[in-house]
Amino acid sequence: MKEAGLALATLDVLLSLAEAAQARHFVRPRVDAGLVISIREGRHPVVEESLGRGAFVPNDCYLDPDSQQIILLTGPNMAGKSTYMRQVALIVILAQMGSFVSASEAHLGVVDRIFTRIGAADSLARGESTFMVEMKETTRILRHASARSLVLLDEVGRGTSTFDGISIAWAVAEHLHDAEYRARTLFATHYHELTDLALTKDRVKNFNFAVKEWKGEVIFLRSLVEGTASRSYGIHVARLAGLPAGVVERAKEILNNLERGELDERGQPRLARGARSQVSPQMALFGSETNRIVEELKKVDASVLTPIEALNLLHVLAEEAKKEGR
Ligand SMILES: Nc1ncnc2c1ncn2[C@@H]1O[C@H](COP(=O)(O)OP(=O)(O)O)[C@@H](O)[C@H]1O
Ligand SMILES: [Mg+2]
């Protein structure tokens, strides 16, 4: 009786897979002992289903530990990075469980484990401990990944401040590249700075999702292209989402300052016009030197200053104010 039930259940699974394969135009993958993952016109089976026929844009994937071990995906939110990473993982899982896959062609070197660091970035509200979880998961990946593993890192470092985040993301990618086992990796980040990794690390390749600007609007084409995105469309997305016009304008201004040079001659981040290296990045983001002087003044307790101290302070602040005017 138990055997019959088991047999029926197996049949049910196989039949369902066959049905899905036929209805959704899946193909039979080639799975072998190699290390290359090559997918042509892959689709995310679930997202595709929810978008309706023809609306999903298929994308290729090529991972090879010898030439293209790490794909660094950059681009703004909503570009399609997370969907793409999950789609590659799903195709691998489908193939290894004996199913046809959502692609027009797939050749997959067997994967022993899929490591993921995904998700918490989308629920930042959960607070600081999110970052701890993120780091613990990343640690586990770096400790246990092998040459056969597939590693998906989605927005690593997002749970902390920008500079911390970029530094951690950079170091993690570098480690995965330099480690002997060369795990095949998809690395999504909205930190554009990371694209510079490809300059020094041979097997890191930059890809981004094509975006078109049309009549001041941003259109996500959702097709993956090699290279780095020419600019950030995050601000446009913010505007589409209805962020107040004043905030959007100010963000554009800060972005322009950033793009003029991210680091000054002392190697300090230049986050806003007029920012000087002794100004903390946080301060610089929200105001100029003037605000800093006001903050300094607020700290002053005139009743305890000697006349000479008062005169010195006045001199220092006056100099600061003059510098700003230049
Ligand atoms: N290849 C695609 N074709 C069509 N729509 C897509 C595709 N990839 C993603 N999308 C749509 O875009 C939305 C945002 O994608 P997502 O992967 O979350 O972007 P990101 O991670 O870059 O912020 C998804 O909810 C999905 O509706
Ligand atoms: Mg995402």
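Residues numbered from 1 in each chain as written. Chains lettered and ligands numbered in written order. Predicted model: local features only at pLDDT ≥ 70, side-chain atom pairs only at ≥ 80, totals over all residues. Heavy atoms only, no water.

> What is the right way to look at the side chain of E48 in this model?
Summarising the element assignment, E48 is placed in helix 2 (residues 45–51). In this view, E48 contacts R43 and F56; residues no more than four positions away in its chain are not counted. (Helix = DSSP H or I, 4+ residues; strand = E, 2+ residues; numbered from the N terminus. Contact = heavy atoms within 4.5 Å.)

> Hey, could you run me through the pattern of salt bridges in this one?
Opposite charge on two side chains permits them to pair, given that their charged atoms come into close proximity. Under the defined criterion, the tally for this structure stands at 10 salt bridges. Among the salt bridges present, the one from R24 reaches E49, with a minimum N-O distance of 3.5 Å. Highlighted residues: R24 in the loop between helix 1 (2–23) and strand 1 (30–32) and E49 in helix 2, separated in sequence by 25 residues. Owing to a relative accessible area of 28%, R24 belongs among the partly exposed residues under this scheme. On the basis of relative accessibility, which here comes to 49%, the residue E49 falls in the partly exposed class. Overlapping salt bridges bring together R40, E41 and E105 as one network. (Salt bridge = Lys/Arg side-chain N within 4 Å of Asp/Glu carboxyl O. Buried < 20%, exposed > 50% of the residue type's maximum accessible area, 1.4 Å probe, protein only.)

> Can you help me understand the nonpolar core in this one?
A general feature of soluble globular proteins is that nonpolar side chains tend to end up buried together. By size, the foremost hydrophobic cluster in this structure holds 33 residues, and its most contacted members are I37, I39, L73, Y84, L108, L150 and L186. At eight residues, the largest contribution of residues to this core is made by helix 3 (residues 81–96). Here I37 is in contact with C61, Y62, L63, V92, H107, L108, V111, L150 and R184, once residues within four sequence places are set aside. Membership of the second largest hydrophobic core comes to 22 residues, among which are M135, V156, A179 and V204. (Core = buried A, V, L, I, M, F, W, Y, C linked by side-chain atoms within 4.5 Å.)

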